[in-house]
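# Structure at a glance
Each chain is listed here by its residues.
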Amino acid sequence: MPGKARAIALRTRLLAAMLGPLLGAAAIIGVGGATLISDVVRRTNDRVLGGALGAIAETVQVERGEVTLDLPPAAFGMLENNERDNVYYRIAVGRALLTGYADLPAPDPDTMLVDQPRFRFSTYRDQGIRIAEVKRMLPRIEQPVIVQVAETLDNRKTLAGQLIVALLLGEVALVGVAVMLLRPALGWSLRPLARLRRSVEARDAGVRPDFSPLDAGPLPNELEPLATAFDHLLAQLDRATSGVRRFTADASHQMRTPLSVLRVQIELARRGSVAALDEIADAVQRLERLVTQLLALARAEEAGAAPPLESVDLKEVSTAVIARLINQAIHAEVELNLDSEDGHAYRVRAHRTLVFEIIANLIDNGIRYNRRGGMVTVTLSHQSGAILLTVGDDGPGIAREHHEKVFERFFRANAQTGPDGTGLGLAIVQSAASRMGASVEIAPEGPGTHISVRFAAEQG
């Protein structure tokens, strides 16, 4: 769709999620590896440099009260390498030079331990060098003998660089192979998701919507909740569309009769029948009532979330409904009463419009199916943390075997002998009550019909 923001592809997300830690790990390994390589190269070359230092220091002797030495060629041969590093040495008694390079950086003898070789970096002739040095104490010689051997760092740097390059090339090759293998691995991992997508797309092929559960084969644990939620949604859609189809079919069936009567009476009226006008008015009234109750039922069964509940005063709503239907009761010669105890609160958490529909349909049924001179009473009472709204009449009542069926749409217990009706009143009551968490029940015994709606009392 134009203008719609597009999210990053799942495959790209997964690839980035895998490559990110992989590159991070490669960087950490690279830094750690470079540090380790530098340390190993330093230790290895220091061992050779220390060997040369020891070989030279061993030749330092005292003869006739003077310090002598014999520089062994092998000591310097140990330090030869391909990079032709320069090698320097210095032997001094105290601060007096015995032999070697006089300007080689000399140590402070007081800071050195006897016969303990020491290594340090320094600069000599504008070059970095590594110095190995040791202090020796000879018999009959008061001043310490300082032996130093130094070499430039070219070989060390070259060897460390070669090892670090080899490490980096290995890491690059490893990451490259991982990237090459990740794409087919991701394709294999996402195959169940593609199978699930094809299962959903296959539903477009049918003419009639298919709300049966998806058949995508075995799915990984991560996709099972998605498939289950989708199947649950399909089941909800199936119930909703089935209800709409059933509701439409029932409504069409129920509207066919008054429309047929209306058509016949219109033809009779065209022929001059005055009585047909009364029949037309009666058919229009019945059709209007049917449409009104169909709309009320649709509102009570409206799909989606439960209606927002509010504080509703059952006594106030009952009084309003009685005022609305008083003319109908007078015309039917039926007395309307409201029975409630003074000083008691009858507030519940409900939806005022739906409560109004419940009470109006119960009173309408009580008036419509009552006898002349009968009575309809709305009773409010408290029972075990609940508020009971009961609408009772003293009419013929409902047979016990019909107590369950009267809540079905368009069912009428006395369809042949009773007054005209749609069979929707108690279906509206049941649906509206269930949407608010209330329950509906019919008293099993007693004269007339007594239907109770149980609401949870408002706390506080």
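For the structure, see preceding data.
Residues numbered from 1 in each chain as written. Predicted model: local features only at pLDDT ≥ 70, side-chain atom pairs only at ≥ 80, totals over all residues. Heavy atoms only, no water.

### Here we look at the overall build of the protein chain
A tally of helices and strands in the protein chain yields nine helices and 14 strands. For the protein chain, buried positions account for 37% of its 460 residues. Counted over contacts in the protein chain with a minimum sequence separation of 6, partners at least 24 positions apart contribute 65%. Surface exposure of the protein chain reaches about 27,400 Å², of which carbon and sulfur atoms provide 57%. (Helix = DSSP H or I, 4+ residues; strand = E, 2+ residues; numbered from the N terminus. Buried < 20%, exposed > 50% of the residue type's maximum accessible area, 1.4 Å probe, protein only. Contact = heavy atoms within 4.5 Å. Areas by Shrake-Rupley, 256 points an atom, 1.4 Å probe, with all protein chains shown as cover.)

### What to know about the sheet that holds strand β12 (residues 386–393)
Pairing between sheet strands relies on hydrogen bonds along the backbone, with the strands arranged either parallel or antiparallel. Strand order in this open sheet of five strands is β9-β11-β12-β14-β13, and the pairing throughout is mixed. Looking along the sheet, the strands with just one partner apiece sit at the ends: β9 (335–339) and β13 (439–442). Averaged over neighbouring strand pairs, the angle between their axes works out to 15° when direction is ignored. Here four bridges tie β13 to strand β14 (residues 450–456), and the two strands are oriented antiparallel to one another. Bridging from a neighbouring strand, S439 pairs with R454 of β14. Strands β9, β11 (375–383), β12 and β14 of the sheet are contacted by helix α7 (residues 314–331), whose axis makes an angle of about 175° with β9. Of the strands in this sheet, β9, β11, β12 and β14 touch helix α8 (residues 352–368), which is tilted by about 25° from β12. (Pairing = 2+ DSSP bridges. Axes fitted to C-alpha atoms, helices over the stretch in contact; angles between N-to-C directions.)

### Notes on the packing of helix α1 (residues 10–58) against helix α3 (residues 154–189)
What describes two packed helices is the angle between their axes and the distance between those same axes. Interaxial distance between α1 and α3 falls to 9 Å at its minimum, and their mutual angle equals 160°. As summarised for this structure, α1 and α3 are arranged roughly antiparallel, according to the angle between their axes. When the axes of α1 and α3 are compared, the crossing they make is right-handed. The residue makeup of the contact of α1 with α3, split by class, is 22 nonpolar, five polar and six charged. (Parallel < 35°, antiparallel > 145°, perpendicular 65-115°, else oblique. Left-handed = near helix turned anticlockwise from the far one by under 90°. Nonpolar A, V, L, I, M, F, W, Y, C, P; charged D, E, K, R; others polar.)

### Some details on unusual backbone geometry
Even without a glycine there, the phi angle at D115 is positive, about 60°. Along the chain, D115 falls in the loop between β4 (96–100) and β5 (118–124). For D115, a relative accessible area of 46% corresponds to the partly exposed category.

### Topic: the sheet that holds strand β6 (residues 127–136)
Overall, antiparallel pairing links the five strands, which are arranged β4-β3-β7-β6-β5 in an open sheet. Edge positions in the open sheet fall to β4 and β5, since each of these has one partner strand only. Across the sheet, the mean angle separating the axes of adjacent strands is 25° when strand polarity is ignored. Pairing of β6 with strand β7 (residues 145–152) involves eight bridges; the strand directions are antiparallel. Bridge assignment links R130 to a residue of β7, and that residue is E151. Packed onto the sheet, α1 meets β3 (87–93), β5, β6 and β7 and runs at close to 45° relative to β6.

### Re the pattern of salt bridges
Where charged atoms from two side chains of opposite charge come close, those side chains can pair. Enumeration over the complete set of coordinates arrives at 16 salt bridges. The salt bridge partner of R120 is E133, with a shortest N-O separation of 2.7 Å. Of this pair, R120 sits in strand β5 while E133 sits in strand β6, and the two are 13 residues apart along the sequence. By relative accessible area, R120 is classed as partly exposed at 21%. With a closest N to O distance of 3.6 Å, D364 and R368 form a salt bridge. Of the two residues, D364 and R368 both sit in helix α8, four residues apart, roughly one turn of that helix. Put simply, D39, R42, R43, D46, R130, E151 and R156 are held in one network by salt bridges that share partners. (Salt bridge = Lys/Arg side-chain N within 4 Å of Asp/Glu carboxyl O.)

### Quick notes on the side chain of R136
The topology assignment puts R136 in strand β6. At 2.4 Å, the side chain of R136 and the backbone oxygen of A57 are in polar contact. (Polar contact = N/O pair within 3.5 Å; in protein donor to acceptor, adjacent residues only side chain to side chain.)

### Structural notes on the packing of aromatic side chains
Aromatic rings considered in pairs are described by the distance between their centres and by the relative angle of their planes. Tallying each qualifying case throughout the model produces three aromatic pairs. Between the aromatic rings of Y89 and Y101, the centroid separation amounts to 6.1 Å while the plane-to-plane angle is 85°, which identifies the pairing as edge-to-face. Here the residue Y89 occupies a position in strand β3, and Y101 occupies one in the loop between β4 and β5, the gap between them amounting to 12 residues. One aromatic cluster is present, formed by Y88, Y89, Y101 and Y124 through successive ring pairs. (Phe/Tyr/Trp six-rings, centres within 6.5 Å; stacked < 30°, edge-to-face > 60°.)

### Comments concerning the packing of α7 against α8
At their nearest, the axes of α7 and α8 sit 9 Å apart, and the two run at 40° to each other. Judged by the angle between their axes, α7 and α8 are oblique. The two elements α7 and α8 meet at a crossing, and its hand is right-handed. Taken together, the residues of α8 that come into contact with α7 (itself represented by L314, E316, V317, S318, A320, V321, I322, R324, L325, Q328 and A329) are R352, V355, F356, I359, A360, I363, D364, I367 and R368. Of the residues assigned to the contact of α7 with α8, the class counts are 13 nonpolar, two polar and five charged.

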